[in-house]
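Secondary and tertiary structure notes
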Amino acid sequence: MEFSTVFLDVQEKDVRPMDEYNGYLDRLKQDIPNYYAEKGESRMTCPVCNASLSNMHPPGEEFTKNLITYVKCGSCSSVVAKEKFVLSNIQAFFTESESRKYWMTEIWSKTSEARIEKIYQPFVSWAQGRLLDYDFAEALSVAEFLPNQPGLLEGWKRVRSKDNLSAFASCVTTGTNLGESVTIHSIETNEKVDILMSVDGLNRFEDPARALSWAIEHLNPGGLFFFTTTLSTGIETLELGADSYNVLPPDRLFLPSYEGLQALAARAGFEVVEFSTPGMLDAALLRHAEKEGRKLSPTIQYFLNNRSVENDVKEFQSTLQKLRLSAFGRVLLHKKDCKKT
Amino acid sequence: MPVKCAILGFGYMGEIRLREMRESELFEPVLVCEPDPEKRAKLSGVEISDDPEQIFRNDIDAVFVCTPNDKIPDFTCRALKAGKHVFAEKPPGRSYQDIKDIIAVEEECSDRKLMFGFNHRYHPGMQRAKKIIDKKSLGRVLWVRGLYGKSGGKNFASSWRNKKEVSGGGILLDQGIHMLDLFNFFCEPFNEVKAFTSDAYWQFELEDNAFVILKNPEGQNAMLHSSATFWKHRFQIDIGLEEGYLTVQGFLSKSGSYGRETLIIGRKQFEDETDAIGNPSEEIIYFDKDLSWQIEMEKFADCVLNDRPVTDSTSAHALAAMEIVHKAYVDSSTKNIDSARQN
Ligand SMILES: [Zn+2]
């Protein structure tokens, strides 16, 4: 399994302008009781690794944030919502809640340029680079979980163009403005595509195993699934726990661990081709947390206070990437070609 | 039906070939011939012989010639003439003449397949770099620079590799030739060659360091430092292109001593000339699986089993790499004579 390190000039303000972000958090407080109050049964097993959740890590550790309670799996260290929610309510939250409307009008509109340049375009060029290793016919069919679109399973869209990835790339990188050569429609139940993509969409599912089996069902043999995910085993999430900026309910109902997600992908029938953590923001977020008076471990506190020159911070972030310890994960899964095996 | 194989020579390479054959359904190792009883004692599960003439038997389809350099041309040619397909390790003999002789025999035996063990081409870093180059996403290759070397070691002095009558050349022929093959893999063939060599440390009368500078008709330049005095195992190839650069650093090997294999992809970054950023952000890919042996042997099996022409690691590739080595030796010996005269 390969991994990469990538250095991009992403800053916290590029994805999370503070005033607007706080506005979003305020609206979440209003919305969550409406969409996430109705709870299903409590989880008995970890949705990532399937181990019993009575084995918590450390025993009894759980925390509640925005009215949603999380536990950390004692087997795989994933952080997962303790209770199940009603799927139609989750979908309603993403399609009609004030929070999401605010997100689209205030945050997306202010950050789309930076997001496109610093997140989506690098994502697409990564995918384009990786495609060199595979023999796909000229006309690829691609589906995407559009990150700025509402909905869950319905959010997976299929792009049909004179289809190549470049046409698709332009549609990813321009968000909703699709070129004329590209038609897009909701993927149908039995439709299969060569490539699935998701930028930061997976964490919205409360049942990641279901999301991955859905993905493998909708891929042709030999197909690829490119996605990003927030991880529980990034330094930011490990250090800050409940205070982590990455633990953001209900946008993220589960944060898989590096190891747990690999096991989950294998269980779903995927081969993990690449799993990198090319995040850029762990150090910045830890510094931010320190300024806000959140609790950090003595080691990190010492580092932030005494090794604060730019090169040290860069080296720190680079080391996190090399050790797959950033909270931002980038994954390529391959559905094995039945013909070959 | 798998390819029924004989392995001639059970040293470092013979062991690798047998291991790969056992992992693959495409090969059936029938026989291993090895003169050294100690090495033979390590073998089981396959017929073992000390008689190299056994490789010409009728039940053998293909011969893997894994001998020291001095034996490669003779066995390769005789095996081809005996109707065997041949996979020969690099270098293809001790001299430029050796590979030319092999090619002459190959031309007489055009229904047999002949391939050489330039496995570095099939390393994951090189394969990815090649795809990026062929796709032209970073433009045309302008230049290539390679460093390849090792530390010698306790048994280095007694190795056949350092006996001129057996090996025919020093570190350039033994290890540097892989890098020259990679230069030819990434660029158009190189025809102009300048070189300096020395044997200042090991004094085997074979070069322990070679500096080779190359040029081809397309104006691409290349430079190699091949060394047996790096005092660490080191592999690095830098490829400069119009829109960026690629570096393969480290090299997946059995011992892991060349470090983790990585491909660095850098993209040129400047909007205008006053705003050139001399340190662009790089993507670094870390590889962990070396499939090079498997890939090259499967290619060979595919040619044999499906009667396809050999297109990778061909005798022409071997000839091109040997031509550079030959020209480098000629150029450096001329200079040595010149400087000796001046003294
Ligand atoms: Zn778990």
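Residues numbered from 1 in each chain as written. Chains lettered and ligands numbered in written order. Predicted model: local features only at pLDDT ≥ 70, side-chain atom pairs only at ≥ 80, totals over all residues. Heavy atoms only, no water.

Further remarks concern the pattern of salt bridges. Inspection of the entire model under this criterion finds 40 salt bridges over all chains. Here A:K110 and A:E106 are joined by a salt bridge, their closest N and O atoms 3.2 Å apart. Of this pair, A:K110 and A:E106 both sit in helix α4 (residues 98-131), 4 residues apart, roughly one helical turn. On the basis of relative accessible area, A:E106 is assigned to the partly exposed category, the value being 27%. Between B:K299 and B:D312 there is a salt bridge, with the nearest N and O atoms lying 3.4 Å from each other. Here B:K299, found in helix α8 (residues 292-305), pairs with B:D312, found in the loop between α8 and α9 (315-342); they are 13 residues apart in sequence, far enough to count as distant. Looking at B:K299, the relative accessible area reads 31%, which means it is partly exposed. Three or more residues are tied together by salt bridges with common partners; here these are A:E2, A:R130, A:D133, A:E274, A:R330, B:R128, B:K131 and B:E283. (Salt bridge = Lys/Arg side-chain N within 4 Å of Asp/Glu carboxyl O. Helix = DSSP H or I, 4+ residues; strand = E, 2+ residues; numbered from the N terminus. Buried < 20%, exposed > 50% of the residue type's maximum accessible area, 1.4 Å probe, protein only.)

To summarise the sheet geometry, strands pair through backbone hydrogen bonds and adopt either a parallel or an antiparallel arrangement. Residues and elements named next belong to chain B. Reading across the sheet, the 6 strands line up as β3-β2-β1-β4-β5-β6 and stay open at both edges, with parallel pairing between neighbours. Every other strand in the sheet has two partners, leaving β3 (47-49) and β6 (114-116) as the edge strands with one partner each. Neighbour-to-neighbour, the strand axes of the sheet open up by a mean angle of 20 degrees, direction not taken into account. Bridge analysis of strand β1 (residues 3-8) against strand β2 (residues 27-33) gives 6 bridges, and the strand direction is parallel. Among the inter-strand pairings, K4 is bridged to a residue of β2, identified as E28. With respect to the sheet, helix α3 (residues 72-81) is in contact with β1, β4 (62-65), β5 (85-88) and β6, its orientation differing from that of β5 by roughly 165 degrees. (Pairing = 2+ DSSP bridges. Axes fitted to C-alpha atoms, helices over the stretch in contact; angles between N-to-C directions. Contact = heavy atoms within 4.5 Å.)

This part covers the domain arrangement of chain B. Residue and element names in this part refer to chain B. Split into domains, chain B comes out as domain 1 (3-119) and domain 2 (120-293 + 323-339). Between the C-alpha centres of domain 1 and domain 2 the distance comes to 27 Å. Listed as interface residues are 19 residues of domain 1 and, on the opposing side, 20 residues of domain 2. When domain 1 packs against domain 2, close to 1,900 Å² is buried across both sides, 58% of that on carbon and sulfur atoms. Three residues, Y96, F118 and N119, lead the burial of domain 1 against domain 2; their summed loss comes to 39% of the area buried on that side. For the pair domain 1 and domain 2, the interface holds 1 salt bridge. The residue D174 makes a salt bridge to K90 at a minimum N-O spacing of 3.8 Å. For the interface between domain 1 and domain 2, the tally reads 9 residue pairs in polar contact (both at pLDDT 80 or more). Residue contributions to the side of domain 1 that touches domain 2 peak at 6 residues, all from helix α1 (residues 12-23). Across the side of domain 1 that touches domain 2, the residue classes break down as 9 nonpolar, 4 polar and 6 charged. (Domains from an automatic or database assignment. Buried area = accessible area lost by both parts, 1.4 Å probe. Polar contact = N/O pair within 3.5 Å; in protein donor to acceptor, adjacent residues only side chain to side chain. Nonpolar A, V, L, I, M, F, W, Y, C, P; charged D, E, K, R; others polar.)

Turning our attention to the coordination of the zinc ion. Coordination angles at a metal have ideal targets, namely 109.5 degrees for four tetrahedral donors and 90 or 180 degrees for six octahedral donors. All names here are of chain A. Distances from the zinc ion to its protein donors, namely C46 (SG), C49 (SG), C73 (SG) and C76 (SG), fall within the range 2.3 Å. Angles of 102 to 116 degrees at the metal separate the 4 donor atoms of the zinc ion, which places the site in the tetrahedral class. All donors of the zinc ion belong to a single chain; written as a sequence motif, their spacing is C-x2-C-x23-C-x2-C. Linking C49 in the loop between β2 (39-42) and β3 (62-65) with C73 in the loop between β4 (68-72) and β5 (79-81), this pair joins segments that are 24 residues apart in sequence. (Donors = N, O, S within 2.8 Å, 3.2 Å for Na, K, Ca; no water. Tetrahedral: all angles 85-135°; square planar, octahedral: opposite > 155°, others 65-115°.)

Turning next to the side chain of A:T230. You can see A:T230 is positioned in strand β11 (residues 219-230). A distance of 3.1 Å separates the side chain of A:T230 from the side chain of A:R252, its partner in a polar contact.

Now for the nonpolar core. Counting residues in hydrophobic clusters, the biggest one holds 72 residues, and the most contacted among them are B:F183, B:F186, B:V212, B:F235, B:I237, B:I239 and B:L246. In this structure, this core is formed jointly by two domains, domain 1 (3-119) and domain 2 (120-293 + 323-339) of chain B, each of which donates at least three residues. Those residues in contact with B:L246, other than ones at most four positions away along the chain, are B:A129, B:I132, B:I133, B:L138, B:I237, B:D238, B:I239, B:L241, B:L263, B:I264 and B:I265. Formed by 38 residues, the second largest nonpolar core is a distinct cluster that contains A:Y24, A:F63, A:W108 and A:I116. (Core = buried A, V, L, I, M, F, W, Y, C linked by side-chain atoms within 4.5 Å.)

Any segment with low pLDDT has predicted coordinates that should not be analysed in fine detail. This prediction gives chain B a mean pLDDT of 92; 95% of its residues lie at or above 70. For this predicted complex, the interface score ipTM comes out at 0.84, while the overall pTM is 0.88. (pLDDT = per-residue confidence, 0-100.)

Turning to the side chain of A:S276, a few remarks are in order. Residues and elements named next belong to chain A. Within the secondary structure layout, S276 lies in strand β13 (residues 270-276). A polar side-chain atom of S276 sits 2.7 Å from a polar atom in the side chain of E274. In contact with S276, not counting residues within four places along its chain, are F3, S4, F328, G329 and R330.

What follows deals with unusual backbone geometry. Look at the link from A:P249 to A:P250: it is a cis peptide, with omega at 5 degrees. Among the structural elements, A:P250 can be located in the loop between α7 (235-240) and β12 (254-255). Residue B:P91 is reached from B:K90 by a cis peptide bond, and omega for that bond is -10 degrees. Positive phi values are uncommon outside glycine, yet A:N50 reaches one of about 75 degrees. Tracing the chain through its elements places A:N50 in the loop between β2 and β3. Not every positive phi belongs to a glycine, and B:D307 is a case in point at roughly 50 degrees. Assignment of secondary structure puts B:D307 in the loop between α8 and α9.

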